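Fold and contact review
Letter by letter, the chains look like this.
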Amino acid sequence: MSEPDDQLRRLLERAAVIADLTQARSVLSWDENTYMPAGAAEARGQQMATLETVAHRMLTDPELIALVGDLEAAGFPDGSVEAATVRQARRAVDQATKVPVELVEALGKHVARARSVWAQARQQQSFAPFAPELERMVDLKRQEAAALGYQDHPFDALHDQFEPGSTAARVRSVFEPLREELVALVREIQDSGRTLDDAVLRQTFDEDAQRRFALDLATAFGYDTEHGRLDPTVHPFAMSMSKYDVRITTRYQRHYLNTALFGTLHETGHALYEQGIDDAYYRTPLEATASLGIHESQSRLWENVVGRSRGFWEGAYPWLQRAFPGAFDKVRLDTFYAAINRVEPSFIRVEADEVTYNLHVMVRFELEQALLGGELEVRDLPEAWNARYAEFLGVTPPNDAVGVLQDVHWSIGLFGYFPTYTLGNVMSLQLYEAAVAAEPSIPRDIREGRFSRLLGWLRENVHRHGSRYLPEELLRNATGSDLDAGPYLRYLKDKYQALYGLA
Ligand code: ZN
């Protein structure tokens, strides 16, 4: 065995153990968020911290770091699996070593505190008590960005952790033209004087029936319940405990169908991605996804591009009528289709429709950059927030709870994360169009309740690659083009101009 091959073997041995530790930690975390009794919280926190500490110790072991350095020097060919493996190992090692231990500990402690103060402040509908905690958080995140390193803006260092290779400037170049068009589309919709009635979604729906129907759709899409399961939770998520066990969760509302239905389709999209990673990457640094943006492109594709399309419901509407006897017997397909696509500017991001959703994200993207860049003081944040909501969405939050305090992200130190939601939306259409160009029968398949050709294309061009490619590289290989909001914007305009009877 040549020297580099032997070194690679040793790297992979260590990576496999680290993967086991990380995945075991995911099992504990899944349980914590589903069935764990409340009294176990402290012990569970200890167990998870121990697994993390052991994994961190392995990642910061000087022998491993030397091994990664040697493998980089060995110069595996660009684009090879070996080179990608070494690149991902380097990313993991850098993330574990670049930020000083004292800062990691300070952040950990502050997250615990800031999160609980945030929850109280939100309950009191007042930003003031949270302001000093957020100030300290912004300061710590700026230190973290400095430790990680960046060229133009501290935002870049933090954003790169979720979207490798992307920067604030890159995001801005996509968001700014998109924003203008979206603001205009929202105005057009409002000026149309037409509102879509969603009363049919607000009947009483048996929870078991909701669960069965959502899971039926998920399995029809291709979700493999031999290697996954659906459970109830408060804040829905998909979680991978290896590519052989990818679980989804959802939340049921007895008097509103959308939450569980589209929430499940969304998490199914995430899960299909993780289940589709090449078996050969199991327990290696490539058994991961390319980025959060690519991840979100998969959830949005199944939730919205497929799940909120008229074509899909042409096939699935009779299933829905059977699943909820009586509820939809006298409801026309078009009424249902309009109800699930109602557009209404509102305060709350997670309840937003397809058209306004991205404007919520853009508000946060701008404010985060300004906070991290030092152009905006934390105490001026609520005012800046409300001003942007008025400008982008034409609404002004009546209090901070439904305004600047609505998301948990900043209280737990997630900065640089929000843009990945909109990047995902943008890429979902690029990928869908490429899939249809390669397999023109996909729209007809969807109308007829068959999804294997679409899933097959995604498996081949996205899922199986795991984290072998950087996100923009993966996108270019799959679609032949760079990040481009054009297809997404055309999709929104065509769909919503028809729904609202516009030009
Ligand atoms: Zn998602």
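Since this is a predicted model, take the numbers as computed values, not measurements.

Basis of the calculations
Residues numbered from 1 in each chain as written. Predicted model: local features only at pLDDT ≥ 70, side-chain atom pairs only at ≥ 80, totals over all residues. Heavy atoms only, no water. Helix = DSSP H or I, 4+ residues; strand = E, 2+ residues; numbered from the N terminus. Rg over C-alpha atoms; globule rule 2.2 N^0.38 Å. Buried < 20%, exposed > 50% of the residue type's maximum accessible area, 1.4 Å probe, protein only. Contact = heavy atoms within 4.5 Å. Lys, Arg positive; Asp, Glu negative; His and termini not counted. Charge placed at Lys NZ, Arg CZ, Asp CG, Glu CD. Salt bridge = Lys/Arg side-chain N within 4 Å of Asp/Glu carboxyl O. 1 Å grid on protein atoms, 1.4 Å probe; cavity = no way out; pocket = protein on both sides within 12 Å on 5 of 7 lines; lining within 4 Å. Points joined across faces, edges and corners; volume = space filled by probe spheres on them. Nonpolar A, V, L, I, M, F, W, Y, C, P; charged D, E, K, R; others polar. Core = buried A, V, L, I, M, F, W, Y, C linked by side-chain atoms within 4.5 Å. Domains from an automatic or database assignment. Patch = residues over 30% accessible without salt bridge, like charges linked within 9 Å, V, L, I, M, F, W, Y side chains within 5 Å. Areas by Shrake-Rupley, 256 points an atom, 1.4 Å probe, with all protein chains shown as cover. Donors = N, O, S within 2.8 Å, 3.2 Å for Na, K, Ca; no water. Buried area = accessible area lost by both parts, 1.4 Å probe.

To continue, consider the overall build of the chain. Helices and strands together make up the secondary structure of the chain, namely 20 helices and 3 strands. Compactness check: the chain gives a C-alpha radius of gyration of 23 Å against a globular reference of 23 Å for 503 residues, within 12% of the reference. Based on the C-alpha atoms only, the size of the chain along its principal axes is roughly 70 × 50 × 50 Å. When burial is assessed residue by residue, the chain has 54% of its 503 residues classed as buried. The contacts of the chain with a sequence gap of at least 6 include a subset with a gap of at least 24, amounting to 73%. Taken together, the 53 basic and 74 acidic charged side chains of the chain have centroids lying 4 Å from each other.

Mapped onto the fold, Asp400 is located in the loop between helix H15 (381–393) and helix H16 (419–438). Within the buried set, Asp400 has no salt-bridge partner at all; the shortest N-O distance to an opposite charge, 12 Å, is to Arg122.

Our next topic: empty space enclosed by the protein. Using a probe with the size of a water molecule, rolled over the atoms, empty space left in the structure can be pinpointed. Considering all chains together, one arrives at 2 cavities of 30 Å³ or more under this definition. Computed from the structure, the largest cavity encloses a volume of approximately 60 Å³. Lining the largest cavity are Glu163, Pro164, Gly165, Ser166, Leu423, Met427, Pro471, Glu472 and Leu483. Mapped by element, the contributors of at least two residues to the lining of the largest cavity are H16 and helix H19 (471–479). A class-by-class count of the residues in the lining of the largest cavity yields 5 nonpolar, 2 polar and 2 charged. Within this model, the second largest cavity holds a volume of roughly 40 Å³. Looking at the second largest cavity, the residues that line it are Arg364, Trp385, Val404, Asp407, Trp410 and Phe418. Looking at the lining of the second largest cavity residue by residue, the classes come out as 4 nonpolar, no polar and 2 charged.

Attention shifts here to the nonpolar core. The tendency in soluble globular proteins is for nonpolar side chains to be buried side by side. Core analysis: the biggest nonpolar cluster contains 133 residues, and Leu134, Trp302, Trp313, Phe328 and Leu454 have the highest contact counts within it. It is helix H14 (residues 354–373) that contributes the most residues to this core, 11 residues altogether. Viewed by domain, this core spans two of them, domain 1 (3–149) and domain 2 (198–355 + 421–499), each represented by three or more residues. Ignoring any residue separated from it by four or fewer positions in sequence, one finds Phe328 in contact with Val200, Gln203, Phe205, Leu257, Tyr317, Leu320, Gln321 and Phe336. Counting 13 residues, the second largest nonpolar core, distinct from the first, contains Ile18, Leu67, Phe76 and Val86.

Our next topic: a negative patch on the surface. On the surface, a cluster of negative charge is contributed by Glu135, Glu377, Asp380 and Glu383. One can find Glu135 in helix H6 (residues 131–148). Taking the relative accessible area as the measure of exposure, Glu135 reaches 42% and is therefore partly exposed.

Around the zinc ion, the donor atoms from the protein are His266 (NE2), His270 (NE2) and Glu296 (OE), and they sit 2.1 to 2.3 Å away. Written as a sequence motif, the donor arrangement for the zinc ion is H-x3-H-x25-E. Placement of His270 in helix H10 (residues 258–275) and of Glu296 in helix H11 (residues 292–306) is noted, with a sequence separation of 26 residues between them. Comparing His270 with Glu296 shows no difference in burial state: the two are buried.

How big an interface is tends to be stated in terms of accessible area lost as the parts join. According to the domain assignment, the chain contains domain 1 (3–149) and domain 2 (198–355 + 421–499). Its C-alpha centre places domain 1 at a distance of 28 Å from the equivalent point of domain 2. Across the domain 1/domain 2 interface, buried area totals approximately 1800 Å², and carbon plus sulfur atoms make up 60% of it. Summed over the three residues of domain 1 that lose the most area to domain 2, namely Gln23, Trp30 and Arg87, the buried surface amounts to 30% of that side. Summed over the shared surface of domain 1 and domain 2, the number is 1 salt bridge.

Relative to the assigned elements, Ala323 resides in helix H12 (residues 310–323). On the basis of relative accessibility, which here comes to 22%, the residue Ala323 falls in the partly exposed class. Considering only alpha carbons, one finds Ala323 and Phe213, 110 residues apart in sequence, at a separation of 6.3 Å. Once residues lying within four places of it in the same chain are set aside, the contact partners of Ala323 are Ala209 and Phe213.

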